[in-house]
Amino acid sequence: MQTASTNIGERMGRSQELSDSKRGPVIGGHLGNKSIRDISWLLNIPNIRSTVSGIIKWKQLGTTATQPPSGRPHHMTGRGQRMLKRTVRRSRQLSAESIAKDLQTWCGLQMSPTTVRRELHGMGFHGRAAASKPSITKCNAKCRMPWCKARRHWTLERTVLARRHCTKCKV
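Residues numbered from 1 in each chain as written. Predicted model: local features only at pLDDT ≥ 70, side-chain atom pairs only at ≥ 80, totals over all residues. Heavy atoms only, no water.

Identification of the protein chain as Transposase Tc1-like domain-containing protein from Staurois parvus is taken from an unreviewed UniProt entry.

Structure, rendered in structure tokens:
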């Protein structure tokens, strides 16, 4: 027989936290010297280690609240990221140094080019070298036009034939 307090984990999503009223039975089980596995099984809470262990840490912290996130907070806010994205979309050829200077003059955000690159990578912008295309020489352009005009009405079967090379260029 399951009571209202035993089916805590059924409605709990993957990223949701338990409310204070739902954490009470876990704390009570811990004070009753039950193991983490037993508490998880009795209350039907998934993720034995992360969920129940996190709740039991109240003993060390003195509260049931979760700890603040670890690590240094991001330098850029959401507004700064939107400005950065708008700047990059306007002109994609700008370097990280020039973007950092622009952000400093427009928004007052002072950041290094490395931070700008890191934020852009996080947004999905990556630097790519353009594909190199060989330039068409004058001789090649002269030879190309008659070749194309002679084959203007070719069908798909005739295009399979081998190309003839230019006699002038000796290619």
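Next up on the list: the overall build of the protein chain. Scanning the protein chain from N- to C-terminus turns up 8 helices and 0 strands. Secondary structure elements in the protein chain, listed N-terminal to C-terminal, are α-α-α-α-α-α-α-α. The buried share of the protein chain, taken over its 171 residues, is 22%. Here the contacts in the protein chain between residues at least 6 apart in sequence split such that 50% fall between residues at least 24 apart. Just so you have it, the protein chain exposes about 14000 Å², and 53% of that area is on carbon and sulfur atoms. (Helix = DSSP H or I, 4+ residues; strand = E, 2+ residues; numbered from the N terminus. Buried < 20%, exposed > 50% of the residue type's maximum accessible area, 1.4 Å probe, protein only. Contact = heavy atoms within 4.5 Å. Areas by Shrake-Rupley, 256 points an atom, 1.4 Å probe, with all protein chains shown as cover.)

In this section: helix 7 (residues 113-123). Within helix 7, burial applies to T115, V116, E119 and L120. Projected down its long axis, helix 7 shows its buried positions confined to an angular sector of 135 degrees, all on one face. Along helix 7, exposed side chains directed more than 90 degrees from the buried face belong to R118 and G122. G124 occupies a position one or two residues after helix 7 and carries a positive phi of about 100 degrees. (Arc of directions from axis to C-beta.)

Moving on, we get to the nonpolar core. Side chains that are nonpolar tend, in soluble globular proteins, to be buried together. With 13 residues, the main nonpolar core has L84, I99, L103, V116 and L120 as its most contacted residues. For this core, the secondary structure elements donating two or more residues are helix 5 (78-90), helix 6 (96-106) and helix 7. Per-element accounting of this core gives the leading share, 4 residues, to helix 6. Counting 8 residues, the second-largest nonpolar core is a separate cluster that includes V26, I27, I55 and I56. (Core = buried A, V, L, I, M, F, W, Y, C linked by side-chain atoms within 4.5 Å.)

With that out of the way, let us pick up the packing of helix 5 against helix 6. Here helix 5 crosses helix 6 at 125 degrees, and the two axes come no closer than 11 Å. For the element pair helix 5 / helix 6, the angle class is oblique. The chirality of how helix 5 crosses helix 6 is right-handed. Touching M83, L84, T87, V88 and R90 of helix 5 are I99, L103 and W106, all from helix 6. When its residues are assigned to classes, the contact of helix 5 with helix 6 shows 6 nonpolar, 1 polar and 1 charged. (Axes fitted to C-alpha atoms, helices over the stretch in contact; angles between N-to-C directions. Parallel < 35°, antiparallel > 145°, perpendicular 65-115°, else oblique. Left-handed = near helix turned anticlockwise from the far one by under 90°. Nonpolar A, V, L, I, M, F, W, Y, C, P; charged D, E, K, R; others polar.)

With that settled, the discussion passes to a positive patch on the surface. Where like charges cluster on the molecular surface, the positive patch consists of R79, R82, R86 and R90. On the secondary structure map, R90 appears in helix 5. By relative accessible area, R90 is classed as exposed at 59%. (Patch = residues over 30% accessible without salt bridge, like charges linked within 9 Å, V, L, I, M, F, W, Y side chains within 5 Å. Salt bridge = Lys/Arg side-chain N within 4 Å of Asp/Glu carboxyl O. Lys, Arg positive; Asp, Glu negative; His and termini not counted. Charge placed at Lys NZ, Arg CZ, Asp CG, Glu CD.)

Here the focus is the side chain of T87. Relative to the helices and strands, T87 resides in helix 5. T87 gets classed as buried once you look at its relative accessible area, which sits at 4%. Excluding residues within four positions of it along the chain, T87 makes contact with L94 and W106.

Glancing now at the environment of T114. Mapped onto the fold, T114 is located in helix 7. In this structure T114 comes out as partly exposed when scored by relative accessible area, which is 46%. Residues T114 and A96, 18 residues apart in the sequence, show an inter-C-alpha distance of 7.5 Å.

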